[in-house]
Amino acid sequence: MRTQYADRTAAGSNALSLAAHLVATVYDAMNRPDLAAMIRAGQAEGFPEIAEAATLLFHETARIGRYESALRQYADPGLWDDTTPGGMLALHDGGEMARNVLAGRPVFNHRD
């Protein structure tokens, strides 16, 4: 199964695999075990449902990745260290990382 998001990255591969599983499960629920079996056997390259589901999952995976990146930085004790020259980095951030992530942009890395 190949789509525009079925690249060689783990995220693209994982999204495609999850999409195929999701679509096969839906076909099972629709009493179409023939189509579900085709998908599970890897014979569903042309199924647009899989491509659409993979696209949605790929974008959701990227969004969650940005959230996790910001949370890791906010959880880092160094961000809140008030002995840092110039003051704690959290004061300089002022919520910028969160705003970036919520707007769909990459997180701003304070340690860059």
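Residues numbered from 1 in each chain as written. Predicted model: local features only at pLDDT ≥ 70, side-chain atom pairs only at ≥ 80, totals over all residues. Heavy atoms only, no water.

Enquirer: Run through helix α3 (residues 48-75), naming residues and quoting values.
Expert: Taking 1.5 Å of rise per residue, the 28 residues of α3 would be expected to cover 40 Å, and the 40 Å separating its terminal C-alpha atoms lies within 8% of that figure. Of the residues making up α3, those classed as buried are Ile50, Ala53, Ala54, Thr55, Ser69, Ala70 and Gln73. (Helix = DSSP H or I, 4+ residues; strand = E, 2+ residues; numbered from the N terminus. Expected span 1.5 Å × (residues − 1). Buried < 20%, exposed > 50% of the residue type's maximum accessible area, 1.4 Å probe, protein only.)

Enquirer: Just give me the short version of the confidence of the model for the chain, but keep the residues and values in it.
Expert: Summing up the model confidence of the chain, the mean pLDDT is 85 and the portion of residues at 70 or higher is 86%. Here helix α1 (residues 10-29) stands out as the least confident element of the chain, with mean pLDDT 87; helix α2 (residues 33-40) is the most confident, with 95. Counting interchain partners and residues more than four positions distant, the pLDDT-below-50 stretch residues 1-8 has 21 contacts. (pLDDT = per-residue confidence, 0-100. Contact = heavy atoms within 4.5 Å.)

Enquirer: Break down the packing of aromatic side chains for me, citing the residues and quoting the values.
Expert: Within this structure, the stated rule accounts for one aromatic pair. Ring centres 6.2 Å apart and planes at 85° place the aromatic pair Tyr27 and Phe47 in the edge-to-face group. One end of the pair, Tyr27, is in helix α1; the other, Phe47, is in the loop between α2 and α3, with 20 residues separating them in the sequence. (Phe/Tyr/Trp six-rings, centres within 6.5 Å; stacked < 30°, edge-to-face > 60°.)

Enquirer: With reference to specific residues and values, describe the environment of Ser17.
Expert: Mapping Ser17 onto the fold places it in helix α1. For Ser17, a relative accessible area of 47% gives the class partly exposed. Spatially, the C-alpha atoms of Ser17 and Ala54 are 8.0 Å apart, while their sequence positions differ by 37 residues.

Enquirer: Break down the environment of Gly104 for me, with residues and values.
Expert: Tracing the chain through its elements places Gly104 in the segment after α5 (96-102). Between the C-alpha atom of Gly104 and that of Arg63, which follows or precedes it by 41 residues, the distance is 7.1 Å.

Enquirer: Before we move on, could you go through the side chain of Asp93 and cite the residues and values that matter?
Expert: Relative to the helices and strands, Asp93 is located in helix α4 (residues 89-93). A distance of 2.7 Å separates the side chain of Asp93 from the side chain of Tyr74, its partner in a polar contact. Among the polar contacts listed, one links the side chain of Asp93 to the backbone nitrogen of Gly95, at a separation of 2.9 Å. (Polar contact = N/O pair within 3.5 Å; in protein donor to acceptor, adjacent residues only side chain to side chain.)

Enquirer: So, a nonpolar patch on the surface: which residues are in play, and what are the values?
Expert: A surface patch of nonpolar side chains, amounting to about 280 Å² of accessible area, comprises Leu22, Val26 and Met30. On the basis of relative accessible area, Met30 is assigned to the exposed category, the value being 52%. (Patch = residues over 30% accessible without salt bridge, like charges linked within 9 Å, V, L, I, M, F, W, Y side chains within 5 Å. Areas by Shrake-Rupley, 256 points an atom, 1.4 Å probe, with all protein chains shown as cover. Salt bridge = Lys/Arg side-chain N within 4 Å of Asp/Glu carboxyl O.)

Enquirer: Tell me about the pattern of salt bridges, and please be specific about residues and values.
Expert: It is possible for side chains bearing opposite charge to pair when their charged atoms get close. Using the criterion set out here, one finds three salt bridges in the structure. Where Arg40 meets Asp28, a salt bridge forms, and the shortest distance between an N and an O atom there is 2.7 Å. Taken as a pair, Arg40 in helix α2 and Asp28 in helix α1 lie far apart in primary sequence, 12 residues in all. For Arg40, a relative accessible area of 49% gives the class partly exposed. In this structure, Asp34 and Arg32 form a salt bridge, with 2.8 Å as the shortest nitrogen-oxygen distance. What makes Asp34 partly exposed here is its relative accessible area of 41%.

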